[in-house]
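# Coordinate analysis (summary)
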Amino acid sequence: MQEKGLLDLTIVLYILSGTTVGFVGRWLMLKSDIRQYPTYPNGYLIHLTTGFIASAIGAVAYPALLSKNYVAVTFLAIAIQQFRDIRKMEKESLTSMEKENYFPRGESYIDGIAKTFEARNYIVMISSLITTISIFLLREYIKNKFIIIGVSSVIGLTIIKLLRDYTKGHTIRDIADIEEATIEFRDKDNLYVGDIYVMNIGLSETRERIIENGIGIILKPKGENEKVILNHRGQRTAIIHECTRILGLERYVSTRKNFDNGEVALLIVPIIKDIELLKEIVRNVPILETLKKKEN
Amino acid sequence: MKESSTRSILAIVTVDEKLIIDAGVPTILAKNKEEQEEIASQLGRTLAGNVYGLTNGIIIITQE
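Residues numbered from 1 in each chain as written. Chains lettered and ligands numbered in written order. Predicted model: local features only at pLDDT ≥ 70, side-chain atom pairs only at ≥ 80, totals over all residues. Heavy atoms only, no water.

The name an unreviewed UniProt entry assigns to chain A is YIEGIA protein, from the organism Gottschalkia purinilytica.

Okay, a nonpolar patch on the surface next. Residue and element names in this part refer to chain A. On the surface, Tyr-102, Ile-246, Ile-271, Ile-272 and Leu-277 cluster together to form a nonpolar patch covering roughly 440 Å² of accessible area. Structurally, Ile-271 can be placed in the loop between strand S7 (264-268) and helix H11 (275-283). Residue Ile-271 is classed as exposed on the basis of its relative accessible area, which comes to 53%. (Patch = residues over 30% accessible without salt bridge, like charges linked within 9 Å, V, L, I, M, F, W, Y side chains within 5 Å. Areas by Shrake-Rupley, 256 points an atom, 1.4 Å probe, with all protein chains shown as cover. Salt bridge = Lys/Arg side-chain N within 4 Å of Asp/Glu carboxyl O. Helix = DSSP H or I, 4+ residues; strand = E, 2+ residues; numbered from the N terminus. Buried < 20%, exposed > 50% of the residue type's maximum accessible area, 1.4 Å probe, protein only.)

So, about unusual backbone geometry. Residues and elements named next belong to chain A. For Lys-68, which is not glycine, the phi dihedral falls at a positive 60°. A residue is classified by how much of its surface remains accessible, and Lys-68, at 64% relative accessible area, is exposed. Here Lys-188, not a glycine, exhibits a phi torsion of approximately 70°, which is positive. By relative accessible area, which is 45% here, Lys-188 ends up partly exposed.

Facing 14 residues of chain B, the contacting portion of chain A comprises 13 residues. At the junction of chain B with chain A, the criterion picks out 1 salt bridge. A salt bridge links Arg-207 of chain A to Glu-37 of chain B; the nearest nitrogen and oxygen atoms lie 3.6 Å apart. For the pair chain B and chain A, the number of links is 3 residue pairs in polar contact (both at pLDDT 80 or more). Taken together, the elements giving at least two residues each to the side of chain B that touches chain A come down to helix H1 (33-47) and strand S3 (49-53) of chain B. (Contact = heavy atoms within 4.5 Å. Polar contact = N/O pair within 3.5 Å; in protein donor to acceptor, adjacent residues only side chain to side chain.)

We now examine the nonpolar core. Note on soluble globular proteins: their nonpolar side chains tend to be buried together. All names here are of chain A. Judged by nonpolar contacts, the single largest core of 33 residues is most densely connected at Ile-172, Leu-219, Ile-239, Leu-266, Leu-278 and Val-282. At the level of elements, helix H5 (107-138), helix H7 (172-175), strand S1 (176-181), strand S5 (215-221), helix H9 (224-230), helix H10 (233-247), S7 and H11 are the ones that each hand at least two residues to this core. Ranked by size, the runner-up nonpolar core spans 15 residues in total, among them Phe-185, Val-198, Ile-218 and Ala-265. (Core = buried A, V, L, I, M, F, W, Y, C linked by side-chain atoms within 4.5 Å.)

Residues and elements named next belong to chain A. Looking at the assigned domains, one finds that chain A contains domain 1 (9-167) and domain 2 (172-291). For domain 1 and domain 2, the distance between their C-alpha centres works out to 37 Å. When domain 1 packs against domain 2, the two sides together hide about 1,300 Å² of surface, and 62% of this comes from carbon and sulfur. At the boundary of domain 1 and domain 2, one finds 0 salt bridges. Inspection of the domain 1/domain 2 interface yields 2 residue pairs in polar contact (both at pLDDT 80 or more). Residue classes in the side of domain 1 that touches domain 2 are distributed as 4 nonpolar, 4 polar and 3 charged. (Domains from an automatic or database assignment. Buried area = accessible area lost by both parts, 1.4 Å probe. Nonpolar A, V, L, I, M, F, W, Y, C, P; charged D, E, K, R; others polar.)

Residue and element names in this part refer to chain A. Read across the open sheet, the 4 strands follow the order S1-S5-S7-S6; overall the sheet is antiparallel. Two strands bound the open sheet, and with one partner strand each, they are S1 and strand S6 (253-257). Across this sheet, the average inter-strand angle for adjacent strands is 20°, counted without regard to direction. As paired strands, S6 and S7 are joined by 5 bridges and run antiparallel to one another. Bridging across to S7, Thr-255 finds its partner in Leu-266. Sitting on the sheet, H10 touches S5, S6 and S7, and the angle it makes with S6 is about 150°. Contacts from H11 reach S1, S5 and S7 within the one sheet, and its direction differs from that of S5 by about 35°. (Pairing = 2+ DSSP bridges. Axes fitted to C-alpha atoms, helices over the stretch in contact; angles between N-to-C directions.)

Laid out in structure tokens, this is it:
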């Protein structure tokens, strides 16, 4: 880029506009799903900072190329490498906390979360890049720079929404119906949730405690593909993790499948006994990306 | 969470010694049902295991 171009305040304004659109987009994506990690101040700061850097790289790329500064492409490549490192870092961080959770997240769930963070940085970078490109293209037709920035910002935010909707996953709500089920012991020691055998409990005191404090629900898959998803070990681990994370775990939690119809029983003895909250938690558990299939 | 493909039996508690033919694990004979459950509960906590009841009245403690 020529020195005169670098000092051009209008160009700086355009780059700042692209950066702001990307940064605001990252902020909105953080708030979009408070159930997912991070929901903590340090997590917010880390992801907003990386989001800002991603948006700045995206916003600078086009003006740099216009001034025949092809090093900008190299910066993009380096940025991608950095974002992959972020995914790796997230994965390691979540894996290291596994033993301290009430119930582990499971590798499939962790992989999905880490990929989501990486993808969000790309969304930010792409939206900033498109915002800046729009500004430079509109400059040829519109003279008022504030109108240009306004229109381009709308385009950038639309791109964020489109990409976010495209990458947004489904939840258990989309694949299964959830019903409360009775908990009872048959043949003295065998615990059933509805008609599904879940586990064997050898002590009468524990049996009484489960009857008193336990909650049982049945997940009924809506179709054959849904049966496959619900029966996946990683998916069931993710369900249990979310339930125990929010309700706490007094002692027992388990899932069992009914081989005849693919229904899955969930038994939990939580610290907070709230059946409606439990059902809502299960409905909002994301379907793991590795299990998604195209409909026939 | 401990992961194990097969859970080992850590101990057996029974009220009827005739039900145990042979055992490679500590087998404890209780006087009655109440004592059987109490011993099983204490063993379960001590060994950090799971306590299961069989239909013939035997209680086994397994690896968690």
